[in-house]
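Descriptive structure summary
Below, each chain spelled out in residue letters.
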Amino acid sequence: DAKTTQPNSMESNEEEPVHLPCNHSTISGTDYIHWYRQLPSQGPEYVIHGLTSNVNNRMASLAIAEDRKSSTLILHRATLRDAAVYYCILRGPTSGTYKYIFGTGTRLKVLA
Amino acid sequence: DAGVIQSPRHEVTEMGQEVTLRCKPISGHNSLFWYRQTMMRGLELLIYFNNNVPIDDSGMPEDRFSAKMPNASFSTLKIQPSEPRDSAVYFCASSFHRTRRDTEAFFGQGTRLTVV
């Protein structure tokens, strides 16, 4: 399975933008990049996903490098509710299966 | 839709007892995943079903663990006999898988299992 690398933790001030990086240098051409987050005492929650082009939705934006070896999740204005562990996942037909394999993620702390 | 529904939310059992965790996926979804989460090991994928068929069970820790999906609206994860090291939060997730178009997974609230 292709691997992702994320910083263990990051801090942000409330109402400021947050850029969460993810490296995935072994990504294959058919792997999608997914981001999930897990709030305290809850199950993981979908944030956004993309293949090659940058993506926007109501929660966040996903910026994908041209060579697809890295991506950045952008929260435009962090709130205290955004404090969570953020996971970057590659998902695709590698080995013929579509699995969501979670790494250790980035723990985001939002300061008031 | 009520989302992915797991039961029970909490389970406390004695070592050696059989434990059955239940999951109802979102209607219309054709893929179902069971995960286990602990502080030490994070979120681990245990097994993955597609169209009710187990596709990958390489994450199932040992023979004490078994999972079934008798129909598209129900799955169980059974541990027999249970051991204290099985204490964890178990999550079920479902998604609608289509070739050439990726979709997101939806997770349940989890079952917190404590084996004493």
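These notes cover the structure that comes with them. (Residues numbered from 1 in each chain as written. Chains lettered and ligands numbered in written order. Predicted model: local features only at pLDDT ≥ 70, side-chain atom pairs only at ≥ 80, totals over all residues. Heavy atoms only, no water.)

1. Here's the deal with the pattern of salt bridges
Applying the stated rule across the entire model yields twelve salt bridges over all chains. With a closest N to O distance of 2.9 Å, Glu45 of chain A and Arg37 of chain A form a salt bridge. Given the relative accessible area of 31%, Glu45 of chain A is considered partly exposed. Between Asp56 of chain B and Lys99 of chain A there is a salt bridge, with its nearest N and O atoms 2.8 Å apart. Remark: Lys99 of chain A occurs in the loop between β8 (84–91) and β9 (106–111) and Asp56 of chain B occurs in strand β6 (residues 53–56); the pair is interchain, linking two chains. Linked by salt bridges that have partners in common, Glu62, Arg64, Glu83, Arg85 and Asp86 of chain B make up one network. (Salt bridge = Lys/Arg side-chain N within 4 Å of Asp/Glu carboxyl O. Buried < 20%, exposed > 50% of the residue type's maximum accessible area, 1.4 Å probe, protein only. Helix = DSSP H or I, 4+ residues; strand = E, 2+ residues; numbered from the N terminus.)

2. A look at the packing of aromatic side chains
Per the stated rule, a full pass over the model turns up eleven aromatic pairs over all chains. A centroid spacing of 5.7 Å and a plane angle of 70° characterise the contact between Tyr36 of chain A and Tyr46 of chain A, whose relative ring orientation is edge-to-face. In this pair, Tyr36 of chain A sits in strand β3 (residues 32–38) while Tyr46 of chain A sits in strand β4 (residues 45–50), placing the two residues ten residues apart along the sequence. With relative accessibility at 0%, the residue Tyr36 of chain A sits in the buried group. Ring geometry for Tyr36 of chain A and Phe107 of chain B: centres 6.2 Å apart, planes at 75°, overall edge-to-face. Taken together, the residues Tyr36 of chain A in strand β3 and Phe107 of chain B in strand β10 (residues 106–107) connect one chain to another. Each member of the aromatic cluster is reached from another via a ring pair, and the members are Tyr36, Tyr46, Tyr87, Tyr100 and Phe102 of chain A together with Phe33, Tyr35, Tyr48 and Phe107 of chain B. (Phe/Tyr/Trp six-rings, centres within 6.5 Å; stacked < 30°, edge-to-face > 60°.)

3. Regarding the interface of chain B and chain A
Listed per partner, the contact involves 20 residues of chain B and 17 residues of chain A. At the boundary of chain B with chain A, total buried surface from both sides reaches about 1700 Å², with 53% on carbon and sulfur atoms. Summed over the three residues of chain B that lose the most area to chain A, namely Leu43, Asp102 and Phe107 of chain B, the buried surface amounts to 33% of that side. For the pair chain B and chain A, the number of links is one salt bridge. Within the residue set of the side of chain B that touches chain A, elements represented by two or more residues are β4 (31–38), β5 (42–50), β6 and β9 (88–95) of chain B. Classifying every residue of the side of chain B that touches chain A by side-chain character gives nine nonpolar, six polar and five charged. (Contact = heavy atoms within 4.5 Å. Buried area = accessible area lost by both parts, 1.4 Å probe. Nonpolar A, V, L, I, M, F, W, Y, C, P; charged D, E, K, R; others polar.)

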